[in-house]
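Examination of the molecular architecture
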Amino acid sequence: MALLLGLAVGFALGQAFALRGGSGSGKLVEGQQDVEKLLEEARREAEAIKKERLIEAKDEILRLRTEAEREREERRNELQQAEKRLVQREEGLDRKVEQLERREQKTTDREEELARLKLELEAREQGFGKRLEELARLTADQAREELFAQVERENQLALGMRIRQGEEAAREEADRRARRIITTAIQKWATDQVVESTVSVVNLPSDEMKGRIIGREGRNIRMLESLTGVDLIIDDTPEAVILSGFDPIRREVARMALEKLVQDGRIHPARIEEMVERARKEMDDRIVSEGEKAVMEAGVSGLHPELTRLLGRLRFRTSYSQNVLYHSLEVSFLCSHMAAELGADIEIAKRAGLLHDIGKALTAEIEGPHAIIGARFCQKYGESPEVVHAVEAHHEDVEQRTIEAMLVQACDAISAARPGARRENVETYVKRLEKLEKLCESFQGVEQTYAIQAGREVRILVKPDVVDDLGATRLAREVAKKIEEDLDYPGQIKVTVIRETRSFEFAR
């Protein structure tokens, strides 16, 4: 608007200057009127333009306000929708929480119901058991014993029939066939015989290590000997320490612990105790591993883990310097091949042969013949009655009733008698038995003594007029104590005192 006004004024002034050159005052007046008209027109146009611009500005403001209102409304709607979605989501979460709570409650109710049903089933089972016992008039133990007795009777009958049918032919062929079977079985088992020792040698990096093993005032060596139960012999042998002990497991634990201590270099009582404990744990793992390896090698399945562990302990047990685990594997192999030749049960013979000396792993903990101890543990851990009988009868502690039991006894003797199997020769063996008998004869009232079962048992006949029944019991205890003090022997020795009174009279 100001621009237009300026143009109008300029135009008017231009006209005035143009008329200045004309003549007369009339022209001047006329020119002024024209200028005023032009100015008036310019004002009107400026007012019109001003109104138009105001209207446009108002329209623009209205438009902007309308758009702002619309955007605010849209924003409000979006916020309302977001709020609605949040509310819906919260409601959904609440519903899920309620569903989870209902599901958890159902699970709890179901567990309670299952527990109740389990109790009802156990009660019914007990009721059925009692009912069956009432109907059969037998307890569960009596029924089990009756079943075992029936199976045993059937087996004995079948065995008797087979023996009667082949008795005539077997009598002529028995010796020849027995020799062939034993020879064939022995030839199939090819293994080296290794004589076990009662000492172990630990090599040292230098003789200076011996002083560290002994320790100040001997505290280290005393600690090691007290923890392991093994004697450490430190002499002039260069760079070596000798471990001496009859328990191979303790000796092996001591050897492993000492080697760890020498390798570590820190030798003091606390470290010794730590290494001995670590060696014991490693020894336990090794025992299990040896047992599993033996079971796999023998081809026996389904053996209880505890029996497997006891077999592993036999790896570190010797009898007359013969390793008992290797001896058991050999007996198992021989039994299986002889049973196959004789038509006996191969699985029972093989299993009984492997387990026959398992009681030797427990003779240091449980008193009694190792055959009876082994049979007791085999029965405890689920072995069949046939296997249990073969184990307990292989040293004739009980009467043998099956072919498998006789095979185990025969194969045990074959394995022990193989050349190189045992270090003890005949002369040493006889001297040991004579020494045992002389020791028993040194007691008052003893009439005769007999060492039997390879020196595992000694039977003493006493004079009945010198030794009474109470004295016989006391004598057995004293003899056993004397044997423990004066003799060296493998395993244990059973002392049996027999007092017999006979009365004679003649009818004339």
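Summarised in this report is the structure supplied together with it. (Residues numbered from 1 in each chain as written. Predicted model: local features only at pLDDT ≥ 70, side-chain atom pairs only at ≥ 80, totals over all residues. Heavy atoms only, no water.)

With 19 residues, helix α10 (residues 324-342) extends 26 Å from end C-alpha to end C-alpha; this agrees with the ideal 27 Å at 1.5 Å per step. One side-chain oxygen at the N-terminal end of α10 lies 3.0 Å from the backbone nitrogen of L325; it belongs to N323. Positioned one or two residues after α10, G343 has a phi angle of 80 degrees, which is positive. (Helix = DSSP H or I, 4+ residues; strand = E, 2+ residues; numbered from the N terminus. Expected span 1.5 Å × (residues − 1). Polar contact = N/O pair within 3.5 Å; in protein donor to acceptor, adjacent residues only side chain to side chain.)

Once that is clear, we can look at the packing of helix α6 (residues 219-228) against helix α8 (residues 269-298). With their axes 9 Å apart at the nearest point, α6 and α8 run at an angle of 25 degrees to one another. Here α6 lies roughly parallel to α8, going by the angle between them. By crossing handedness, the relation of α6 to α8 is classed as right-handed. Seen from α6, the contacting residues are R219, N220, M223, L224, L227 and T228; seen from α8, they are P269, I272, E273, V276 and R280. Its residues assigned to classes, the contact of α6 with α8 comprises six nonpolar, two polar and three charged. (Axes fitted to C-alpha atoms, helices over the stretch in contact; angles between N-to-C directions. Parallel < 35°, antiparallel > 145°, perpendicular 65-115°, else oblique. Left-handed = near helix turned anticlockwise from the far one by under 90°. Contact = heavy atoms within 4.5 Å. Nonpolar A, V, L, I, M, F, W, Y, C, P; charged D, E, K, R; others polar.)

The strands making up a sheet associate through backbone hydrogen bonding, with each pair oriented either parallel or antiparallel. Strand order across the open sheet formed by three strands is β6-β7-β8, with mixed pairing between neighbours. Edge strands, defined here as strands with exactly one partner in the open sheet, are β6 (446-452) and β8 (494-499). Strand-to-strand, the axes of this sheet are offset by a mean angle of 20 degrees, without reference to chain direction. The pairing of β6 with strand β7 (residues 457-462) spans six bridges and is antiparallel. Pairing of T449 across the sheet is with I460, part of β7. The sheet strands contacting helix α16 (residues 469-486) are β6, β7 and β8, and the helix crosses β8 at an angle near 155 degrees. (Pairing = 2+ DSSP bridges.)

Following the sequence through the fold, C378 ends up in helix α12 (residues 370-380). With 71 residues separating them along the chain, C378 and L307 place their C-alpha atoms 7.5 Å apart. Residues within four places of C378 in sequence aside, it is in contact with L307, L355, I358, E383, V388 and V391.

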